[in-house]
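Residues per chain, in single letters:
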Amino acid sequence: QFLSENLDTLPENKYDVAISHLVAMHMDDNELSKQLKYVLRSLKENGTFAIQFSFYSQKDLDNLYTHRKAAYDNDIFNNLSNNGQSPILDLSKFQNIYSQQHGYVFRSLDRIKELAKENAGEITWESEIRKYDWTLMKVQYIHIKKIKNG
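I will try to describe carefully the structure that is included in this document. Since the model is a prediction, treat every value here as computed from it, not as a measurement.

1. Topic: the side chain of Ser 33
(1) Moving on: As for its placement among the helices and strands, Ser 33 is situated in helix H1 (residues 29-42).
(2) Moving on: Excluding its chain neighbours within four sequence positions, the residues that come into contact with Ser 33 are Leu 115 and Asn 119.

See below:
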């Protein structure tokens, strides 16, 4: 079984497809970068890493702040507060243990592209943006392929 602690033991060039669903939203950038590095390395030449990630826009964060501030007053929003107003969207502030435990680690598509590139990958497909009815969270699905050497 491949867990975060032993991703480096994934065999190289073995898999056609790897899937990460509802996982990235619980990982900080360092953990996601490690996952990308080793999973991409484990893919065959034309293999695909299918991954889903979550995000908010500033408008979404404004709505979230308004509707949920009371519930999270002593947790996430105290760290994000902008003088009592809706916080300015800074996705790096969602990289904490509370966010990881609750699935609130958000990233922009541009940040995912950066992480993929840093780990010898490139995005080859993007889904339409999807919104879950039970939350303000939006998700996007992407396919990443490893960049060929030379």
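2. What about the packing of aromatic side chains?
(1) Moving on: Inspection of the entire model under this criterion finds one aromatic pair.
(2) Moving on: Centre to centre, the rings of Phe 53 and Phe 55 are 6.1 Å apart; their planes meet at 40°, and the pair counts as tilted.
(3) Moving on: When its relative accessible area of 2% is taken as the criterion, Phe 53 is described as buried.

3. What to know about the environment of Leu 115
(1) Moving on: For Leu 115, the position within the fold is in helix H5 (residues 109-118).
(2) Moving on: In the structure, Leu 115 is positioned 78 residues away from Lys 37 in sequence and 9.3 Å away in space, judged by C-alpha atoms.
(3) Moving on: If near-sequence neighbours (up to four positions away) are discounted, Leu 115 is found in contact with Asp 29, Leu 32, Ser 33, Leu 36 and Arg 107.

4. Some words on the nonpolar core
(1) Moving on: One finds Leu 32, Leu 36, Phe 49, Ile 51, Phe 53, Ile 142 and Ile 144 to be the most contacted residues of the largest nonpolar core, which totals 22 residues.
(2) Moving on: Within the residue set of this core, elements represented by two or more residues are H1, strand E2 (43-55), H5 and strand E5 (138-146).
(3) Moving on: Apart from residues lying up to four places away in sequence, Phe 53 is in contact with Ala 24, Arg 107, Ser 108, Leu 109, Ile 112, Lys 138, Val 139, Gln 140 and Ile 142.
(4) Moving on: Counting residues in hydrophobic clusters, the runner-up holds eight residues, among them Tyr 56, Tyr 104, Met 137 and Val 139.

5. Here's the deal with the pattern of salt bridges
(1) Moving on: Tallied over the full model, the rule gives eight salt bridges.
(2) Moving on: A salt bridge links Asp 29 to Arg 107; the shortest N-O distance between them is 2.7 Å. Taken together, the residues span a long stretch of sequence, with Asp 29 in helix H1 and Arg 107 in the loop between helix H4 (97-102) and H5 at a distance of 78 residues. Like Arg 107, Asp 29 is buried.
(3) Moving on: Here Glu 118 makes a salt bridge to Arg 111, at a shortest N to O gap of 3.8 Å.
(4) Moving on: Assessed through its relative accessible area of 54%, Glu 118 is described here as exposed.
(5) Moving on: Counted as one network, the salt bridges with shared partners bring together Asp 29, Arg 107, Arg 111, Glu 114 and Glu 118.

6. What to know about the pairing of strand E1 (residues 15-20)
(1) Moving on: Here E1 runs beside E2; their pairing, made up of five bridges, is parallel. Opposite Ala 18, over in E2, you have Phe 49 as the bridge partner.
(2) Moving on: Taken together, E1, H1 and E2 form a β-α-β motif whose crossover is right-handed.

Analysis parameters
Each chain carries its own residue numbering, running from 1 in the written order of its sequence. It should be noted that, the model being predicted, local features are given only for residues of pLDDT at least 70 and side-chain atom pairs only at 80 or more, the latter also being counted only at that level, while totals for whole chains, interfaces and linings use all residues. No hydrogens and no water enter the side-chain calculation; it runs on all heavy atoms of the structure. For helices the rule is a DSSP run of H or I covering at least 4 residues; for strands it is a run of E covering at least 2, with both sets numbered from the N terminus onward. Residue contacts are counted whenever heavy atoms from the two residues lie within 4.5 Å of one another. Aromatic pairing here means that ring centres of Phe, Tyr or Trp (its six-membered ring) are within 6.5 Å. Orientation follows from the plane angle: under 30 degrees is stacked, over 60 is edge-to-face, and everything else is tilted. Accessibility here uses a 1.4 Å probe with only protein chains present; expressed as a share of the type maximum, an area under 20% marks a residue as buried, one over 50% as exposed, and anything in between as partly exposed. Nine residue types can take part in a nonpolar core, namely buried Ala, Val, Leu, Ile, Met, Phe, Trp, Tyr and Cys, and a core is a set of them joined through side-chain atoms within 4.5 Å. Here, a salt bridge means any side-chain nitrogen of Lys or Arg that lies within 4 Å of a carboxyl oxygen of Asp or Glu. Between any two strands, at least two bridges found by DSSP are needed for them to pair. Convention used here: a crossover is right-handed provided that the path from the first strand, over the helix, to the second strand proceeds clockwise when the strands point away from the viewer.

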